[in-house]
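Notes for the structure review
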Amino acid sequence: MTFNDYLLLFAGMGMVTYLPRALPLLYFAQRRMPRWLIDWLSLIPVAILSALLAPILFTDHVSREISLGKLEFLVAIPTLLFALKTRSLGATVLVGMLLYWLGGMLV
Amino acid sequence: MTAPTSHEKNRPHLQQGAVAGWPICLGYFPIGLALGVLAQQAGIPWWAMAMMSILVFAGSAQFICVAMLTAGASAPAIILTTFVINLRHVLMSSALAVYLRGVARGFLALFAYGITDESFAVNHTRFRDGAWDRWKALIVNQLANTVWIFATVCGVLVGQFVPPGALGIDYALTAMFICLLAMQLQGGIYLLTALIAGALAVAWYILLPGDTYIVGASVSAATIGFFLKRSLRRGA
């Protein structure tokens, strides 16, 4: 790909990434948000993170079928406990990587 | 005349922002490195990686972009996928707006650029607990952004020396999501919403192609959680 191919692709990706980040902020920062919306939005982050994670832990990415007992899931349990205990993002990432690496050598 | 006070004010902002932001940077570094390594293996040059990280700044979409380029996908297909993947930021941006009411548009436009899953989770937690302001939040965003660009470019440059799967690099993104989830579990209704979202996401992922499961499952689960919370409150 040429410089212009890359520029066009990334500019397009950048635009569709930036607008969903910017427009709601610009809109809702000028208006009062109703109580129910604030309540609903407070549940969004936990829901998004869980929705991102669950298919990684419980499904096979190639066949898109349920797959239990994956190494990703087995490593997730101690990693989650470590995260709950320490609340440290950096340390949790390193512990998760280390466990996954060690687990991969055992399997 | 105002210079000394603003200087004294700014210093703790920078420090506190950096203290809150460093775990994201530490988390971004191996992930960015991993992305760069994959990009190098896909034949993407370092300058293109730098351009992508600056213009897009969205980790998961960039991973998917590299995978799609490897598979020979067209630019419109990649852009459309990016849009769907990043629609979730509508929700995060709306949630942050609660704490940025009445702030100047210029600041918001700049701030919006740095909203990611990670910076959102850190900033939202801090805003909710109080003792946080938009300047510290902006520093978290921009610090993470800088480290991300640096790490992805480094990854391309060192990619040829890294064997695939080394040092658990594939698990960096997953471990980061796990910790961010743990930080969000602030009570029963959050745990319940997480369980519903996870179950819905798995079912949605299996039944429907594409990546609509992220937005679909999270919006559904938050809505169910919202009504459960409301009915529990009414019952009590």
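Every value quoted in this text rests on a predicted model; they were computed, and no experiment measured them.

Digging into a nonpolar patch on the surface
A cluster of nonpolar side chains, contributed by L98, W101, L102 and M105 of chain A together with L167 of chain B, occupies part of the molecular surface with about 500 Å² of accessible area. Looking at the element boundaries, L98 of chain A is found in helix α4 (residues 89-106).

Section: the interface of chain B and chain A
With 99 residues of chain B at the interface, the matching set in chain A holds 71 residues. At the boundary of chain B with chain A, total buried surface from both sides reaches about 7500 Å², with 77% on carbon and sulfur atoms. Area buried by chain B at its contact with chain A is led by R101, Y171 and Y205 of chain B, which between them contribute 10% of it. Counting across the interface, chain B meets chain A through 19 residue pairs in polar contact (both at pLDDT 80 or more). Looking at side-chain class alone, the side of chain B that touches chain A contains 70 nonpolar, 21 polar and eight charged residues.

Focus: the UniProt feature "transmembrane region" (unreviewed entry) in chain A
Residues and elements named next belong to chain A. Those residues carrying the UniProt feature "transmembrane region" (unreviewed entry) are residues 6-28, 40-58 and 73-102 in this numbering. Annotated as residues 6-28, this span is 100% helix and 0% strand, and its ends, taken at the C-alpha atoms, are 34 Å apart. When the span residues 73-102 is considered, its composition is 93% helix and 0% strand, and the gap between its end C-alpha atoms is 14 Å.

Quick look at the domain arrangement of chain B
Often, the extent of an interface is quoted as the loss of accessible area upon association of its parts. All names here are of chain B. On domain assignment, one finds that chain B holds domain 1 (11-167) and domain 2 (185-236). The distance between the C-alpha centroids of domain 1 and domain 2 comes to 25 Å. If you look at the interface, domain 1 gives seven residues, while domain 2 gives seven residues. Where domain 1 abuts domain 2, roughly 530 Å² becomes buried across the two surfaces, and 73% of that area is made up of carbon and sulfur atoms.

Some remarks on the UniProt feature "transmembrane region" (unreviewed entry) in chain B
Mapped onto this structure's residue numbering, the UniProt feature "transmembrane region" (unreviewed entry) falls at residues 20-39, 46-71, 138-159, 165-182, 189-207 and 213-232 of chain B. For residues 46-71 of chain B, helix accounts for 85% and strand for 0%, while the C-alpha atoms at its two ends are 19 Å apart.

As for the packing of helix α3 (residues 59-70) of chain B against helix α4 (residues 75-86) of chain B
Residues and elements named next belong to chain B. As a packed pair, α3 and α4 sit with axes 10 Å apart at the nearest point and diverge in direction by 155°. Here α3 lies roughly antiparallel to α4, going by the angle between them. Helix-helix and strand crossings are classified by hand; for α3 and α4 the assignment is right-handed. Judged by residue contacts, S60, A61, I64, C65, M68 and L69 of α3 engage A77, I78, T81, T82, I85 and N86 from α4.

So, helix α2 (residues 35-58) of chain A
Every α-helical turn comprises 3.6 residues, leaving residues that sit three or four positions apart pointing alike. Residue and element names in this part refer to chain A. The end-to-end C-alpha separation of α2 is 35 Å, in line with the 34 Å expected for 24 residues at 1.5 Å each. The largest bend in α2 amounts to roughly 30° and is located at I44, with the proline P45 lying one to four residues further along. Counting buried positions along α2 yields 20 of 24 residues, so the element is predominantly enclosed.

Some remarks on unusual backbone geometry
Positive phi is not limited to glycine here, since R64 of chain A has a value of about 55°. In this fold, R64 of chain A is placed in the loop between β1 (59-60) and β2 (65-66). Owing to a relative accessible area of 22%, R64 of chain A belongs among the partly exposed residues under this scheme. A positive phi is found at F57 of chain B, a non-glycine position, where the angle reads about 50°. By relative accessible area, which is 2% here, F57 of chain B ends up buried.

A look at the environment of L52 of chain A
Counting through the fold element by element, L52 of chain A comes out in helix α2. Separated by 33 residues in sequence, L52 of chain A and K85 of chain A have C-alpha atoms that sit 22 Å apart. Once residues lying within four places of it in the same chain are set aside, the contact partners of L52 of chain A are R88, D117, F177 and I214 of chain B.

Examining the packing of α2 of chain A against helix α9 (residues 172-184) of chain B
It is at 9 Å that the axes of α2 of chain A and α9 of chain B come closest, and there the two elements cross at 145°. In this structure, α2 of chain A meets α9 of chain B at a crossing whose hand is left-handed. When α2 of chain A is examined against α9 of chain B, the residues P45, V46, L49, S50, L52, L53, I56 and L57 of chain A are found in contact with a partner set consisting of T174, F177, I178, L180, L181 and Q184 of chain B. Among the residues forming the contact of α2 of chain A with α9 of chain B, the class breakdown is eleven nonpolar, three polar and no charged.

Comments concerning the pattern of salt bridges
Residues and elements named next belong to chain A. Scanning the model with the defined rule gives three salt bridges over all chains in all. With a closest N to O distance of 3.2 Å, D39 and R35 form a salt bridge. With D39 and R35 both in helix α2 and four residues apart, the pair spans about one turn of that helix. Judged by its relative accessible area of 58%, R35 is exposed.

Quick notes on the nonpolar core
If you look at the biggest cluster of nonpolar residues, it comprises 102 residues, and the most contacted ones within it are F10 and L25 of chain A together with F111 of chain B. Considering each element in turn, this core owes the most residues, 13 residues, to α2 of chain A. The residues that make up this core include at least three from each of domain 1 (11-167) and domain 2 (185-236) of chain B.

What counts, and at which threshold
Residues numbered from 1 in each chain as written. Chains lettered and ligands numbered in written order. Predicted model: local features only at pLDDT ≥ 70, side-chain atom pairs only at ≥ 80, totals over all residues. Heavy atoms only, no water. Patch = residues over 30% accessible without salt bridge, like charges linked within 9 Å, V, L, I, M, F, W, Y side chains within 5 Å. Areas by Shrake-Rupley, 256 points an atom, 1.4 Å probe, with all protein chains shown as cover. Salt bridge = Lys/Arg side-chain N within 4 Å of Asp/Glu carboxyl O. Helix = DSSP H or I, 4+ residues; strand = E, 2+ residues; numbered from the N terminus. Contact = heavy atoms within 4.5 Å. Buried area = accessible area lost by both parts, 1.4 Å probe. Polar contact = N/O pair within 3.5 Å; in protein donor to acceptor, adjacent residues only side chain to side chain. Nonpolar A, V, L, I, M, F, W, Y, C, P; charged D, E, K, R; others polar. UniProt positions renumbered as here; feature names shortened; annotations may be inferred. Domains from an automatic or database assignment. Axes fitted to C-alpha atoms, helices over the stretch in contact; angles between N-to-C directions. Parallel < 35°, antiparallel > 145°, perpendicular 65-115°, else oblique. Left-handed = near helix turned anticlockwise from the far one by under 90°. Expected span 1.5 Å × (residues − 1). Bend = angle between axes of the 7 residues up to and from the residue. Buried < 20%, exposed > 50% of the residue type's maximum accessible area, 1.4 Å probe, protein only. Core = buried A, V, L, I, M, F, W, Y, C linked by side-chain atoms within 4.5 Å.

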